[in-house]
Amino acid sequence: MQCLIYNERIFMKQSSILLFILFAAMQLQCSCLSSRSTIKKNEYGLAVVSNKREYRKTTSTDSSRKMVALSSYLKPMNTDWQYATVNNFTKQILYKKPDAYLRMEAAIALQKASEELKTKGLGFKIFDAYRPYSVTKKMWSVVPDENYAANPAKGSGHNRGAAIDLTLYSLQTGKELTMPTPFDDFTEKAHHDYWQLDSLVLINRQILKDIMVKYGFLPLATEWWHYYLPNAAHRFELMDLNFKEMKKIVK
Ligand SMILES: [Zn+2]
């Protein structure tokens, strides 16, 4: 009998703990959803975080959602900002003085991937990370084709701080590894299922894919350089803070 009462007490205690966890999780979800619903919708009906106050609202309950400077996670950090030059598919300067920002979850994953790459004598070279929503609109105004640019009616993983464009380079020589195409080449050659390539190129593309997938990123079938976090559209808001504003926010 004593044993029965004892077990009953344990059961009650465990049930209370479970109920408490469930309640806390519901509260967290509610606070996330309510903070999203207070953000003004744009012409496409999308909630786009466009100031510091909205950013704080959407990140205060979960630190992994915060935006961080990738330079604090990747050392050394190698970049090639083609969108800050006219050397890109739009032939226009799309932004000035960029820096690499991502959600903390993505930055931590990339840091782990980078540490493993170092043991192979390799590093990441970043072409683009977080991209303000207004830049996506600018790209679309020049090239309104979903084969080449993200439709602002949907937004891009880059606008959510959850996508990155990158390649590999040798830490010893500083030279990029040869990949199937240059960055932003929109031919079939850039597709992951394009196999008529030199065996060394196939190996390089596979090294990049393997390391990114291992640390939680998904590949984009049509662009060997683009990787993103799963379910980004449901987990992270679109953002339209420029690089200057972002620099202040991540401090
Ligand atoms: Zn991309």
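Criteria and cut-off values
- Residues numbered from 1 in each chain as written.
- Predicted model: local features only at pLDDT ≥ 70, side-chain atom pairs only at ≥ 80, totals over all residues.
- Heavy atoms only, no water.
- Helix = DSSP H or I, 4+ residues; strand = E, 2+ residues; numbered from the N terminus.
- Expected span 1.5 Å × (residues − 1).
- Buried < 20%, exposed > 50% of the residue type's maximum accessible area, 1.4 Å probe, protein only.
- Arc of directions from axis to C-beta.
- Pairing = 2+ DSSP bridges.
- Contact = heavy atoms within 4.5 Å.
- Axes fitted to C-alpha atoms, helices over the stretch in contact; angles between N-to-C directions.
- Salt bridge = Lys/Arg side-chain N within 4 Å of Asp/Glu carboxyl O.
- pLDDT = per-residue confidence, 0-100.

Q: Just to check I follow, could you spell out helix α5 (residues 199-214) for this structure?
A: Along an α-helix, residues three or four positions apart point the same way, because every turn accommodates 3.6 residues. For α5, which comprises 16 residues, the first-to-last C-alpha distance of 22 Å matches the rise-based estimate of 22 Å (1.5 Å per residue) to within 8%. Three or more residues of α5 are buried, namely Val201, Asn204, Arg205, Leu208, Ile211 and Met212. Taken around the axis of α5, the buried residues stretch over an arc of 135°, which confines them to a single face. Opposite the buried face of α5, at more than 90 degrees from it, the exposed residues are Ser199 and Lys214.

Q: Where do I start with the sheet that holds strand β8 (residues 223-228) in this structure?
A: Two orientations exist for strands paired in a sheet by backbone hydrogen bonds: parallel and antiparallel. Here five strands make up an open sheet; going across it, the order is β3-β5-β6-β8-β7 and the pairing mixed. Bordering the open sheet on either side are β3 (78-79) and β7 (218-220), each of which pairs with just one other strand. For β7 and β8, the ladder comprises three bridges, and the chain directions are antiparallel. Within β8, the position partnered with Pro219 by the bridge is Tyr227. Contacts between helix α3 (residues 104-118) and the sheet are confined to β5 (122-128) and β6 (163-170), with β5 contributing the most and set at about 140° to the helix. Sitting on the sheet, α5 touches β5, β6, β7 and β8, and the angle it makes with β6 is about 130°.

Q: What am I meant to see in the side chain of His192 here?
A: Within the secondary structure, His192 is located in the loop between β6 and α5. In this structure, His192 is in contact with Arg205, Lys209, Pro219, Leu220, Ala221, Glu223, Trp224 and Tyr227, ignoring residues within four places of it in sequence.

Q: Which parts of the structure should I look at to understand the pattern of salt bridges?
A: Once the charged atoms of two side chains with opposite charge are near each other, the side chains can pair. Scanning the entire structure with this criterion turns up 10 salt bridges. Among the ionic pairs, Arg131 bridges to Asp165, the shortest N-O distance being 3.7 Å. Note that Arg131 is positioned in the loop between β5 and α4 (133-142) and Asp165 in strand β6, a separation of 34 residues in sequence. Residue classification places Asp165 among the buried residues on the basis of a relative accessible area of 2%. The partner of Glu146 in a salt bridge is Lys154, and the shortest N-O contact between them spans 2.9 Å. When salt bridges with common partners are traced through the structure, they connect Glu116, Lys120 and Lys214 into a single cluster.

Q: Help me understand the confidence of the model for the chain in this model?
A: Residues shown with low pLDDT carry predicted positions that ought not to be read at fine detail. In the predicted model, the chain carries a mean pLDDT of 88, and the fraction of residues at 70 or more is 85%. Counting interchain partners and residues more than four positions distant, the pLDDT-below-50 stretch residues 25-34 has three contacts.

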